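Chain by chain, the residues:
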Amino acid sequence: MTEKQASRTAVLVCQGRAVADGRLAVGRFGDPVAQRFLLDDERAAVERARTGTVPQAMRPRMEYEMLNATAAVLATRTVLIDDAIGDRHTPQLVILGAGLDGRAWRLPDLDDVVVYEVDQPASQQDKRERAGDLTPVAKELCWVPVEFGRDELGPALAAAGHRTDTATTWIWEGVLPYLTAAQVDSTLSAVAACSAPGSRLIATYPLPSRLAAIGRLGMRVYSMLSGDRDPLANEPHISTWTTGEMAAILAGHGWTVTADHDLYEASRTLGIPASRSRFVGDSRVVVADRA
Ligand SMILES: C[S@@+](CC[C@H](N)C(=O)[O-])C[C@H]1O[C@@H](n2cnc3c(N)ncnc32)[C@H](O)[C@@H]1O
């Protein structure tokens with residue numbers, strides 16, 4: 001992703017949450033805030049995807065399928081992550097690569113938590129414009145523009161008020177596929193240096209998957225054929241991990257993996273229809289703790 005552009009994948013996953021809201025995993029998932037971050041044309045696409053009627057023409061059908069598949073992934077991983085946040089309440093929450101994450105506006109349990117949103121500067125500026133005067137429910141929301149692998153995360157967080165002597169929950173959702181191994185390693189080093197005992201790291205990561213690669217190719221073809229913006233044009237997926245590799249990397253940075261969820265199994269447990277849940281099988285949610 002270039003410095004000057006805000007993330008398009010952040011918009012896509014926000015649309016996924018908006019499509020899922022009130023339709024998938026009802027009672028376990030809900031994100032009424034998501035649509036507040038969307039621009040008019042993005043919200044119109046969400047409304048088309050929520051009709052439940054599969055369009056016949058190719059272009060609207062591909063948009064419908066892409067957004068509904070994204071919705072299944074997002075509803076599932078959001079439930080797993082929100083549960084992991086709730087299970088270990090900490091006074092600080094850092095959202096790495098926050099995109100259009102709405103937790104600081106959505107989760108009432110954060111009313112005594114200081115939330116730090118870290119993102120690549122252009123993406124963060126875009127989020128701030130979209131958020132406008134929407135009031136967070138979090139105790140405090142701090143903006144921390146940082147590009148992983150280029151900027152120093154620790155000093156940027158410290159300047160924003162983050163405390164290294166207080167436990168932190170870290171969320172790294174939907175970001176790892178876009179990073180190199182070196183960017184992941186340097187970020188984990190900074191995170192480790194800022195994590196007091198009792199901290200928790202929650203991350204999603206993609207498994208090596210030929211099916212998922214074909215799915216992304218389909219998305220790109222759809223974008224080319226339809227003339228729509230390709231969300232992956234500037235944000236190619238470049239990294240995958242096996243569960244063993246992920247556990248080893250986290251252990252190397254002082255974390256103990258306490259859960260590693262298969263998204264497909266979780267989506268079935270949540271009652272997400274099989275026609276949708278098949279799209280979620282290539283990624284996992286790992287939860288790791290610091291004693
Ligand atoms: C798919 S979006 C996920 C956004 C959010 N975490 C969510 O799940 O809704 C990917 C996010 O990673 C951020 N990102 C990608 N590469 C980055 C980098 N090198 N430094 C900082 N942020 C980055 C993008 O700006 C974008 O917000």
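For the structure, see preceding data.
K.L.:
Please clarify how the overall build of the protein chain should be interpreted in this entry.
P.N.:
Regarding its fold elements, the protein chain presents 11 helices and 7 strands. Burial analysis of the protein chain (291 residues in total) assigns 53% to the buried set.

K.L.:
Is there a simple way to explain the environment of A181 in this structure?
P.N.:
In this fold, A181 is placed in helix α7 (residues 181-193). Along the sequence, A181 and S239 sit 58 residues apart, while their C-alpha atoms lie 7.4 Å from each other.

K.L.:
Looking at this structure, how should I read unusual backbone geometry?
P.N.:
The phi torsion of most residues other than glycine is negative, and most of the peptide bonds are trans. In this structure, A25 is a non-glycine residue whose phi angle is positive, near 50°. Mapped onto the elements of the fold, A25 is located in the loop between α1 (9-20) and α2 (40-49). Judged by its relative accessible area of 8%, A25 falls in the buried class.

K.L.:
Got a minute to help me understand the site of the ligand in this structure?
P.N.:
Near the ligand lie 22 residues; those nearest to it are G97, D119, S123, F148 and E173. Contact distances for the ligand include 2.7 Å between a nitrogen atom and a backbone N or O atom of G97. Contact between the ligand and Q120: a nitrogen atom at 3.4 Å from a main-chain N or O atom of the residue. No other element matches α1, which puts 4 residues into the shell around the ligand. The residue inventory of the shell around the ligand, partitioned by class, reads 9 nonpolar, 8 polar and 5 charged.

K.L.:
So what exactly am I meant to see when it comes to the pairing of strand β4 (residues 168-172) here?
P.N.:
Note on strand geometry: in a regular strand, side chains alternate between the two faces of the sheet. Taken across its 5 residues, β4 has 5 buried, putting it largely inside the fold. Taking every second residue as pointing to the same face, both faces of β4 are buried, with T168, W170 and W172 on one and T169 and I171 on the other. Looking at chain direction, strand β1 (residues 92-96) and β4 are connected through 5 bridges and run parallel. Along β4, the bridge assignment pairs L93 with T169. Sheet topology note: the β4/strand β5 (residues 200-206) ladder contains 4 bridges and is parallel. Its bridge partner being in β5, W172 is matched across the sheet by A203. Regarding the hand of the β-α-β motif, the stretch spanning β4, α7 and β5 is right-handed.

K.L.:
Mind showing me how you'd approach the pattern of salt bridges here?
P.N.:
When the charged atoms of two side chains with opposite charge come close together, those side chains can pair. A full pass over the atoms with the stated rule returns 22 salt bridges. In this structure, the salt-bridge partner of R48 is E63, at a minimum N-O distance of 2.9 Å. Pair noted here: R48 is in helix α2 and E63 is in helix α3 (residues 58-87), with a separation of 15 residues, a long-range link. The partly exposed category is assigned to R48, whose relative accessible area is 42%. For R163, the salt bridge is made with D165, and the minimal N-O distance between the two is 2.7 Å. Looking at D165, the relative accessible area reads 52%, which means it is exposed.

K.L.:
Can you help me understand α1 in this one?
P.N.:
Because each turn of an α-helix spans 3.6 residues, side chains separated by three or four positions end up pointing in the same direction. The end-to-end C-alpha distance of α1, which contains 12 residues, comes to 17 Å, matching closely the 16 Å that a straight helix rising 1.5 Å per residue would cover. The element α1 is largely enclosed, with a buried count of 12 among its 12 residues. Among the residues of α1, T9, A10, V11, L12, V13, C14, Q15, G16, R17, A18, V19 and A20 are the ones counted as buried. Once α1 ends, the next one or two residues include G22, with phi positive near 80°.

K.L.:
Can you walk me through α3 in this structure?
P.N.:
In a regular helix each residue adds 1.5 Å, so 30 residues correspond to 44 Å; α3 covers 44 Å between its end C-alpha atoms and thus fits that length. Counting buried positions along α3 yields 21 of 30 residues, so the element is predominantly enclosed.

K.L.:
Quick question: what am I supposed to make of the packing of aromatic side chains here?
P.N.:
Geometrically, a pair of aromatic rings is defined through the distance of the ring centres and the angle of the planes. Tallied over the full model, the rule gives 3 aromatic pairs. Ring geometry for F37 and W105: centres 5.1 Å apart, planes at 80°, overall edge-to-face. With a gap of 68 residues between them, F37 in the loop between α1 and α2 and W105 in helix α4 (residues 103-106) connect regions that are remote in the sequence. For W105, a relative accessible area of 7% gives the class buried. Taken together, a centroid distance of 5.8 Å and an interplanar angle of 75° make the contact between F148 and W172 edge-to-face.

Here is what the cut-offs are and how they apply
- Residues numbered from 1 in each chain as written.
- Predicted model: local features only at pLDDT ≥ 70, side-chain atom pairs only at ≥ 80, totals over all residues.
- Heavy atoms only, no water.
- Helix = DSSP H or I, 4+ residues; strand = E, 2+ residues; numbered from the N terminus.
- Buried < 20%, exposed > 50% of the residue type's maximum accessible area, 1.4 Å probe, protein only.
- Near = heavy atom within 4 Å.
- Polar contact = N/O pair within 3.5 Å; in protein donor to acceptor, adjacent residues only side chain to side chain.
- Nonpolar A, V, L, I, M, F, W, Y, C, P; charged D, E, K, R; others polar.
- Pairing = 2+ DSSP bridges.
- Right-handed = clockwise from strand over helix to strand, strands pointing away.
- Salt bridge = Lys/Arg side-chain N within 4 Å of Asp/Glu carboxyl O.
- Expected span 1.5 Å × (residues − 1).
- Phe/Tyr/Trp six-rings, centres within 6.5 Å; stacked < 30°, edge-to-face > 60°.

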